[in-house]
Amino acid sequence: MTTFDAFARFAHTAPPTPPKPGQAPRPVEERLAYHSQFVTVRTPAIETLARQVRTLMILGRHQHVTARPSLIVTGPATTGKTTALLQVGRTCHLAHTRRAAPGDDSVPVAYVLVPPGATAKTLAGEFARYLGIPITSRMTTAQITTAVCHTYTAAGVKLVLIDEIHRLNPRTSTGAEAADWLKDLTERVPATFVYAGIDVTASAVFTGVRGAQLAGRASLIDCGALPARAGDREPFRELITALEQALDLTAHRPGSLPRLAPYLHERTAGRIGSLARLIRQAAIEAILDGQERITKELLDSIALDHLAEEHYRPRTHRRARPGNR
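Okay, so let's go over this structure. (Residues numbered from 1 in each chain as written. Predicted model: local features only at pLDDT ≥ 70, side-chain atom pairs only at ≥ 80, totals over all residues. Heavy atoms only, no water.)

### Description of the overall build of the chain
Summing up its helical and strand segments, the chain has 13 helices and five strands in all. Taken over the C-alpha atoms alone, the chain extends approximately 65 × 60 × 45 Å along its principal axes. Every one of the 325 residues in the chain was classed for burial, and the buried ones make up 46%. In the chain, 72% of the contacts between residues at least 6 apart in sequence involve partners at least 24 apart. When the accessible surface of the chain is totalled, it reaches about 16800 Å², and 53% of it is carbon and sulfur. The distance from the centre of the 40 positive side-chain charges to the centre of the 29 negative ones in the chain is 3 Å. (Helix = DSSP H or I, 4+ residues; strand = E, 2+ residues; numbered from the N terminus. Buried < 20%, exposed > 50% of the residue type's maximum accessible area, 1.4 Å probe, protein only. Contact = heavy atoms within 4.5 Å. Areas by Shrake-Rupley, 256 points an atom, 1.4 Å probe, with all protein chains shown as cover. Lys, Arg positive; Asp, Glu negative; His and termini not counted. Charge placed at Lys NZ, Arg CZ, Asp CG, Glu CD.)

### Overview of the environment of Gln52
Structurally, Gln52 can be placed in helix α3 (residues 44-59). Overall, Gln52 belongs to the partly exposed group, its relative accessible area being 25%. Placed 18 residues apart in sequence, Gln52 and Ser70 show a C-alpha to C-alpha distance of 9.5 Å. Setting aside anything within four residues of it in sequence, one finds Gln52 in contact with Leu71, Ser219 and Ile221.

### Quick notes on the pattern of salt bridges
In this structure the tally under the stated criterion is nine salt bridges. Between Glu234 and Arg229 there is a salt bridge, and its shortest N-O distance comes to 3.8 Å. Of the residues examined, Glu234 reaches a relative accessible area of 25% and is grouped as partly exposed. Of the charged contacts in the structure, one is a salt bridge between Arg233 and Glu238, with a shortest N-O distance of 2.5 Å. Residue classification places Arg233 among the partly exposed residues on the basis of a relative accessible area of 47%. Owing to a relative accessible area of 36%, Glu238 belongs among the partly exposed residues under this scheme. What you see here is one network of salt bridges that share partners, running through Arg229, Glu234 and Arg237. (Salt bridge = Lys/Arg side-chain N within 4 Å of Asp/Glu carboxyl O.)

### Let's talk about empty space enclosed by the protein
Here the structure, examined in full by the defined rule, presents one cavity of 30 Å³ or more. Quantified by volume, the largest cavity comes out at close to 230 Å³. If you trace the largest cavity, you find 20 residues lining it, with Ala179, Leu182, Lys183, Tyr195 and Leu214 closest to the centre. Of all the elements in the fold, those that place two or more residues in the lining of the largest cavity are α7 (173-188), β4 (192-198) and α8 (208-217). (1 Å grid on protein atoms, 1.4 Å probe; cavity = no way out; pocket = protein on both sides within 12 Å on 5 of 7 lines; lining within 4 Å. Points joined across faces, edges and corners; volume = space filled by probe spheres on them.)

### As for the packing of helix α1 (residues 4-12) against helix α4 (residues 81-99)
For the pair α1 and α4, the least separation of the axes is 9 Å and the interaxial angle reads 85°. It follows that α1 is roughly perpendicular to α4 by the angle criterion. Across the interface between the two elements, Phe4, Phe7, Ala8, Phe10, Ala11 and His12 of α1 pack against Leu86, Gln87, Gly89, Arg90, His93, Leu94 and Thr97 of α4. Class assignment for the residues of the contact of α1 with α4 results in seven nonpolar, five polar and one charged. (Axes fitted to C-alpha atoms, helices over the stretch in contact; angles between N-to-C directions. Parallel < 35°, antiparallel > 145°, perpendicular 65-115°, else oblique. Nonpolar A, V, L, I, M, F, W, Y, C, P; charged D, E, K, R; others polar.)

### Examining the packing of aromatic side chains
Applying the stated criterion to the full structure yields seven aromatic pairs. Joined through ring pairs, the aromatic side chains of Phe7, Phe10 and Tyr111 make up one cluster. Geometry around Tyr34 places Arg26 over its ring, the cationic atom sitting 5.0 Å from the centre. (Phe/Tyr/Trp six-rings, centres within 6.5 Å; stacked < 30°, edge-to-face > 60°. Lys NZ or Arg CZ within 6 Å of the ring centre and 35° of its normal.)

### Some details on helix α2 (residues 28-37)
If you check which residues of α2 are buried, you get Arg31, Leu32, Tyr34 and His35. Axial view of α2: buried residues confined to an arc of 160°, hence all on one face. Residues of α2 that are exposed and point more than 90 degrees away from the buried face comprise Glu29 and Gln37. At the C-terminal side of α2, Phe38 shows a positive phi close to 65°. (Arc of directions from axis to C-beta.)

Now the structure itself:
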């Protein structure tokens, strides 16, 4: 995903198609592959991010003196931050493709991962790698930066998505240089920047003078766990309903998963990623064992990610018996 060719393939790959009412059952292997990929549900975070990105891209279109307004997507792990980022990037890429004239080879979207222990040079290298800009180990950070800024501007990049921003640590000397480099890039590349990371507001990214500069330019989108209830709505149950409607099982009873909403919320702590994984894995198990439906017993037999399991089944520390010491 972190090269333009890979991102373009992702953007143009048709999403998995849910079964149509009255459609004959698809072959087992096809249904297993379908649940492995599965659909992406338009969550509130995706809707909010898409709307704000569109607005900020228009807002900054003719801004040339300073960096354009940016966005930060924050939240705990497995709450759908990267999914939201990629879906908005795909939408922007496809919208540009539909409007583009024949022969237009501009690049509307860049997607870059912050490397662990990022330095200014390694971060610049990731930006260069996305567009295939040739660099060598002998090149200085300034030389790579010049090449990146020139190429990104010439390619017409309008939206830059930066994931794993929490890996940036301005409290270290190398991290501070990387943060300064990123700030410099936002002022030299005429694009809207969107950052995503785990609990960014509580990380070092927002601390000190450098953190204040970033926070002063960016709006925040909290991609947290979905609540069981928000006013008159039940966002988590709505998400479960949407996921259930996309299942391709021959004997599943519609409405049985939404009825398990309290259990599923407790099981996953409201995290979208954990919920999607649980339902997808249960669907695959249901096909493999011939049950073709998802039950609470099946769901409870599945081991989820460690974060969700520790929430639902916390370890109990029992005192050792004298004879067992």
